[in-house]
Amino acid sequence: MSLTPGLSAEAAVKVTPENCASAVGSGAVDVFATPMMIALMEQAAARAVAPHLAEDEVTVGTRISVEHVAGTPPGMTVRAVATLEAVEGRRLVFRVEAFDDRERIGGGTHERYIVNRARFLARAGEKALS
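None of these values were measured; they are calculated from a predicted model.

Explanation requested: the side chain of threonine 83 in the structure shown.
Assignment of secondary structure puts threonine 83 in strand β3 (residues 77-88). For threonine 83, the residues in contact, after removing those within four places along its chain, are Gly6, Leu7, Ser8, Val93, Phe94 and Arg95.

Written out as structure tokens, the structure is:
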């Protein structure tokens, strides 16, 4: 594992009626939904480090603190950028930002942890057995 601050990746999506606030229940307006922006930021962060993990490792999101400061209508593209800022053992801290075709629409910080995929899924599966 060679995780160092500065690793970065992007994820993008076209705004459609399906990922607008009115469709996902986060508002009554036809603009890109905040939960969808957060998901895009998480996707970018996971992509930034995935090539540097062991085969049996993945990252899981544990914390996000972002602002969504501008609306984006259907037809535009939203692009999220995640940059690894700190590595503290298994804890990873990212700076995340989102942009549409015209401006910055959001940003903040996102935390992920490196976990062993099989152990993580086994532990989650135990809940279904209780």
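What should I look at first to understand helix α3 (residues 117-129) in this one?
Think of an α-helix as 3.6 residues a turn; residues three or four steps apart then line up on the same face. Between its terminal C-alpha atoms α3 stretches 19 Å, which fits the 18 Å expected from 13 residues at 1.5 Å a residue. Two or three places before alanine 118, at the start of α3, stands the capping residue asparagine 116, its side-chain oxygen 3.1 Å from that residue's backbone nitrogen.

I tried to follow the pairing of β3 on my own but got confused; where do I start?
The side chains of a regular strand alternate between the sheet's two faces. Two strands pair when backbone bridges link them, and strand β1 (residues 8-14) and β3 are joined in this way by seven bridges, in the antiparallel orientation. Residue pairing across strands places alanine 12 opposite arginine 79, the latter belonging to β3. Pairing between β3 and strand β4 (residues 91-99): nine bridges, direction antiparallel. By the bridge assignment, alanine 82 is partnered in β4 with valine 96. Taking the residues that link successive antiparallel strands as the turn, the β3-β4 hairpin has two residues, and the phi of glycine 89 there is positive, at about 65°.

How should I be thinking about the sheet that holds β1 in this particular structure?
In any sheet, the strands associate via hydrogen bonds between backbone groups, in a parallel or an antiparallel arrangement. Here we have five strands laid out as an open sheet, ordered β1-β3-β4-β5-β2, and antiparallel in their pairing. Only two strands of the sheet have a single partner each, and these edge strands are β1 and β2 (57-68). Each strand of the sheet is rotated relative to its neighbour by a mean of 25°, with strand direction disregarded. With respect to the sheet, helix α2 (residues 34-49) is in contact with β1, β2, β3, β4 and β5 (104-116), its orientation differing from that of β1 by roughly 145°. Packed onto the sheet, α3 meets β2 and β5 and runs at close to 90° relative to β5.

Calculation criteria
- Residues numbered from 1 in each chain as written.
- Predicted model: local features only at pLDDT ≥ 70, side-chain atom pairs only at ≥ 80, totals over all residues.
- Heavy atoms only, no water.
- Helix = DSSP H or I, 4+ residues; strand = E, 2+ residues; numbered from the N terminus.
- Contact = heavy atoms within 4.5 Å.
- Expected span 1.5 Å × (residues − 1).
- Polar contact = N/O pair within 3.5 Å; in protein donor to acceptor, adjacent residues only side chain to side chain.
- Pairing = 2+ DSSP bridges.
- Axes fitted to C-alpha atoms, helices over the stretch in contact; angles between N-to-C directions.

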